[in-house]
Number of protein chains: 2
Amino acid sequence: MMKKYTIKDIAELAGVSKGTVDRVLHKRGKVSDSALKKVNKVLEEIEYKPNPIAKSLKNNKVYKVCILFPQSTQDSFWTPCISAVEEIENNYQAFGIAIEQHRYDSNSPSSFLDQANSIISTKPNALLMAPLFYKEAQEVKKNCLEKEIIISTFNNMIDKNSLSNYIGQDLFQSGRIAAKLLDSLTNSGHMLIVHIDEQVQNATHMQEKEKGFKKYFEEKKESHYKVSTISINKEQATNYAAHLQQYFNSNSDINGVFVTTSKTYIVAKFNKENYKKLKIVGYDLVEKNIDYLQQGSIDFLINQNPKKQAFQGLSNLAEHLLFGKEIPKAMLLPIDIINSENYKEYLE
Amino acid sequence: MMKKYTIKDIAELAGVSKGTVDRVLHKRGKVSDSALKKVNKVLEEIEYKPNPIAKSLKNNKVYKVCILFPQSTQDSFWTPCISAVEEIENNYQAFGIAIEQHRYDSNSPSSFLDQANSIISTKPNALLMAPLFYKEAQEVKKNCLEKEIIISTFNNMIDKNSLSNYIGQDLFQSGRIAAKLLDSLTNSGHMLIVHIDEQVQNATHMQEKEKGFKKYFEEKKESHYKVSTISINKEQATNYAAHLQQYFNSNSDINGVFVTTSKTYIVAKFNKENYKKLKIVGYDLVEKNIDYLQQGSIDFLINQNPKKQAFQGLSNLAEHLLFGKEIPKAMLLPIDIINSENYKEYLE
DNA sequence: TTTATAAGTGTGTTCGAGCACATTTTTATC
DNA sequence: GATAAAAATGTGCTCGAACACACTTATAAA
């Protein structure tokens, strides 16, 4: 347990005033060679860490941090993010962090862009967003950089190469996990990937998961596996059951299904009411999915943990603004496997 | 975004001095009725939250927090706790939290007691411990309360009734999860619970898991399930394989095994080299278990996440000491299901 | 009314970092 | 060597809470 040194301590040890030490520490010049040497010598001998509390008190600013993600009326997947915001507010409000929550229409790229630009025009210190639209997100990022607004993304990343403080999961690996789970549940060798999504924006998401899923079975050379894929879009949505029934009638060897979105309950409903032979692995702890998980119609859910993503993203920003902590370029969160017995502790 | 009020603001609004406001806030008396009313009125109208940063700066103490858990030479289960300590040190050292790490011999109750008492004699502000020994833990708790040392426990709780800041998992539920997993992997209907533990101290741990495991199959009334239990103790440890082989020879219908400790690799090794028909669910991301998980000899591991437990426990204490945050009486952490595809993100 | 005592109130300092400003020292120029 | 300009150095205040201490007012006893 070592002593905590202050600027005053250093000044005394070096035989100069705290003003001089301060100038050395901040490289503000106006320091003679001899003084510089004296201070640096002391600085080498001791380990000086500025007191972040004193720093923060002096600073005494209110930082505005905005978070932007889709409306949860359209997709309850996003609902848990609200409680992440609340928790962060409780934790950091007294430290001078003000969180502003903004939402956009997940069907409308222009809604996303409008919201983002309106946020940017208020010049917050930082913006955390879940960008569904690639092109628009690029533009938002550019605008933020221009206005010197720190930008982080969660759940959906803008681009793989120039990572910008991304918090989320490895989607490819996520697909592999689903594959491993279905592999342990079935033995038919024929799997079906179902993309159910009214929006096209999740395309990259679903593609990554599909790639990971297929890769797993490619690597498993011992036996011959077959993986098929279907997409159900909004037009067919009026009658999922008939659509699925038709498909399974002509592919009766399939008994493992991987649903790549939180709409897993749609296949589960079909299976429970009509088909009854499918093992199902899907995504996210939304209410309907949990119902079918409890009933046994869904075997496993993979938790994308939007709350933790938002929480972590906001934490990173707050700690950076308040105490100068570095924001990691990419944070890949664990991918939780959920069954009927362990979902509770992951909720809320 | 509301204004942040300071004591000075309140003083001005109430028409008194900041000293008077301070006395009202801290109920230190020496305030006239009229002044009290004036201040309280202002306090009702605005929402005053003292600035924790200023508070902490004024306080300017170094808090000593000790953590006590078993040596990891005996059981690598505890190794991750070390990095939890390191992370907490990085986060909180500058705020005046000094962590002291102490270890004890997991075979020796007296070692635990000695270590704990030697910690207590140095009068730290708080103690976080993983107590393997019930009786001794009670005594340590008593001693801490006497000396006004805040006490928290993780992984093993002292007693269910008078919970003392416990951080850990619901072990009963943990057994249920294992049951559900094995149920989804097998269909023989005969399961085996294996307790492998050189120490007796884990008894309650293992019992809770066993109860949960059995309860799951009791509730699943549709089919008749049989659950057997064996214990392998230190004396038999020289030849696990022969011992297991003998058991399975006379119980050849068993193909699902639930190992209640981190020694899961012992059954996995036997299965890989001799038996080859078991589905195995066990505990903890220790190196040997991960090897067998990758090879496919272990199907699922349940992650007790000692690192997160220690981290959370230390965080709670630090935030309490520094900023007066309340320490939750019990924190049940999520129970992670691990397979060969998602273990990586849970490591380190 | 005076004096003593208690009750109530306000002022000023501290914590450590950061920065403005005042002061001192050095260097350049006549 | 005197003077001005520049460079170097030190002093003092701020942030907000907390508390010691000084100060003022009210109350009681003489």
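It should be emphasised that the depicted structure is a prediction, and the values quoted were computed from it without experimental measurement.

1. Quick word on the environment of Ile46(B)
Residue and element names in this part refer to chain B.
Thinking step 1. Looking at where Ile 46 falls in the secondary structure, it is placed in the loop between helix H3 (33–45) and helix H4 (52–59).
Thinking step 2. Considered as a pair, Ile 46 and Asp 183 are 137 residues apart in the sequence and their alpha carbons are 57 Å apart.
Thinking step 3. Setting aside anything within four residues of it in sequence, one finds Ile 46 in contact with Tyr 5 and Ile 10.

2. Details of the interface of chain A and chain B
Thinking step 1. Contact with chain A, which involves 41 residues of that partner, is made by 41 residues of chain B.
Thinking step 2. Carbon and sulfur atoms make up 61% of the area that chain A and chain B hide from each other, which totals about 3,800 Å².
Thinking step 3. In terms of surface lost to chain B, no three residues of chain A exceed Ile53(A), Glu341(A) and Glu345(A), which account for 18% of the buried area on that side.
Thinking step 4. Taken together, the connections running from chain A to chain B amount to 2 salt bridges.

3. Regarding the protein's contact with DNA strand D
Thinking step 1. Around DNA strand D, the surrounding shell holds 25 residues, and the nearest of these are Ser17(A), Ser32(A), Lys58(A), Asn60(A) and Tyr48(B).
Thinking step 2. Contact between DNA strand D and Ser32(A): a phosphate oxygen at 2.5 Å from a side-chain N or O atom of the residue.
Thinking step 3. Contact between DNA strand D and Arg28(B): a phosphate oxygen at 3.0 Å from a side-chain N or O atom of the residue.
Thinking step 4. Taken together, the elements giving at least two residues each to the surface near DNA strand D come down to helix H2 (18–25) and helix H4 (52–59) of chain A together with helix H2 (18–25) and H4 of chain B.
Thinking step 5. With 4 residues, the single largest contributor to the surface near DNA strand D is H2(A).
Thinking step 6. Looking at the surface near DNA strand D, its residues break down into 8 nonpolar, 8 polar and 9 charged.

4. Digging into the domain arrangement of chain A
Thinking step 1. Domain annotation for chain A reports domain 1 (7–50), domain 2 (59–169 + 307–334) and domain 3 (171–303).
Thinking step 2. The C-alpha centroid of domain 3 of chain A is placed 63 Å from the C-alpha centroid of domain 1 of chain A.

5. Thoughts on the relation of the copies chain A and chain B
Thinking step 1. For the match of chain A to chain B, the screw axis carries a shift of 0.0 Å, the RMSD comes to 0.0 Å, and the turn is 180 degrees. The superposition operator between the copies reduces to a two-fold rotation axis.
Thinking step 2. A share of 100% of interface residues in chain A that are also interface residues in chain B marks the association as one of identical surfaces.

6. A closer look at helix H8 (residues 171–185) of chain B
Residues and elements named next belong to chain B.
Thinking step 1. Taking 1.5 Å of rise per residue, 15 residues should cover 21 Å, and H8 covers 21 Å from first to last C-alpha, within 8% of that figure.
Thinking step 2. Across the 15 residues that make up H8, a large majority, 14, are buried.
Thinking step 3. Of the residues flanking the start of H8, the one acting as N-cap is Asp 170, its side-chain oxygen 3.2 Å from the backbone nitrogen of Phe 172.

7. A few points about the protein's contact with DNA strand C
Thinking step 1. Taken together, 25 residues surround DNA strand C, and among them Ile7(A), Lys18(A), Tyr48(A), Ser17(B) and Lys58(B) come closest.
Thinking step 2. Backbone atoms, meaning sugar and phosphate, form 63% of the atoms of DNA strand C found within 4 Å of the protein.
Thinking step 3. Within the backbone of Asn51(A), one N or O atom sits 3.2 Å away from a phosphate oxygen of DNA strand C.
Thinking step 4. For the surface near DNA strand C, the secondary-structure elements that each account for two or more residues are H2 and H4 of chain A together with H2 and H4 of chain B.

8. Considering the pairing of strand E8 (residues 256–259) of chain A
All names here are of chain A.
Thinking step 1. Alternating residues of E8 divide into Gly 256 and Phe 258 and Val 257 and Val 259, and every residue in both groups is buried.
Thinking step 2. With 4 bridges joining them, strand E6 (residues 190–196) and E8 adopt parallel strand pairing. Bridged to Met 191 within E8 is Gly 256.
Thinking step 3. Across 3 bridges, E8 lies against strand E9 (residues 279–283) in parallel orientation. If you follow Phe 258 over to E9, its bridge partner there is Val 281.
Thinking step 4. With respect to chirality, the unit in which E8 leads through helix H11 (residues 264–275) into the neighbouring parallel E9 is right-handed.

9. Considering the packing of aromatic side chains
Here a ring pair, both rings aromatic, is described through the centre-centre distance and the interplanar angle of the planes.
Thinking step 1. All chains considered together, the criterion is met by 33 aromatic pairs over all chains.
Thinking step 2. Three or more aromatic residues joined by ring pairs form one cluster here, namely Tyr92(A), Phe95(A), Phe323(A), Tyr92(B), Phe95(B) and Phe323(B).
Thinking step 3. The ring centre of Tyr283(A) lies 3.8 Å from the NZ or CZ of Lys209(A), which sits over that ring.
Thinking step 4. Over the face of the ring belonging to Tyr5(B) we find Lys3(B), whose NZ or CZ atom lies 5.3 Å from the ring centre.

10. Re the environment of Pro328(B)
All names here are of chain B.
Thinking step 1. Along the polypeptide, Pro 328 turns up in the loop between helix H13 (306–323) and strand E11 (330–332).
Thinking step 2. Taking relative accessible area as the criterion, Pro 328 reaches 30% and is therefore assigned partly exposed.
Thinking step 3. Beyond its immediate stretch of four places on either side in the chain, Pro 328 contacts Asn 165 and Asn 316.

Cut-offs applied
Residues numbered from 1 in each chain as written. Chains lettered and ligands numbered in written order. Predicted model: local features only at pLDDT ≥ 70, side-chain atom pairs only at ≥ 80, totals over all residues. Heavy atoms only, no water. Helix = DSSP H or I, 4+ residues; strand = E, 2+ residues; numbered from the N terminus. Contact = heavy atoms within 4.5 Å. Buried area = accessible area lost by both parts, 1.4 Å probe. Salt bridge = Lys/Arg side-chain N within 4 Å of Asp/Glu carboxyl O. Near = heavy atom within 4 Å. Polar contact = N/O pair within 3.5 Å; in protein donor to acceptor, adjacent residues only side chain to side chain. Nonpolar A, V, L, I, M, F, W, Y, C, P; charged D, E, K, R; others polar. Domains from an automatic or database assignment. Least-squares fit on C-alpha atoms with pLDDT ≥ 70 in both. Expected span 1.5 Å × (residues − 1). Buried < 20%, exposed > 50% of the residue type's maximum accessible area, 1.4 Å probe, protein only. Pairing = 2+ DSSP bridges. Right-handed = clockwise from strand over helix to strand, strands pointing away. Phe/Tyr/Trp six-rings, centres within 6.5 Å; stacked < 30°, edge-to-face > 60°. Lys NZ or Arg CZ within 6 Å of the ring centre and 35° of its normal.

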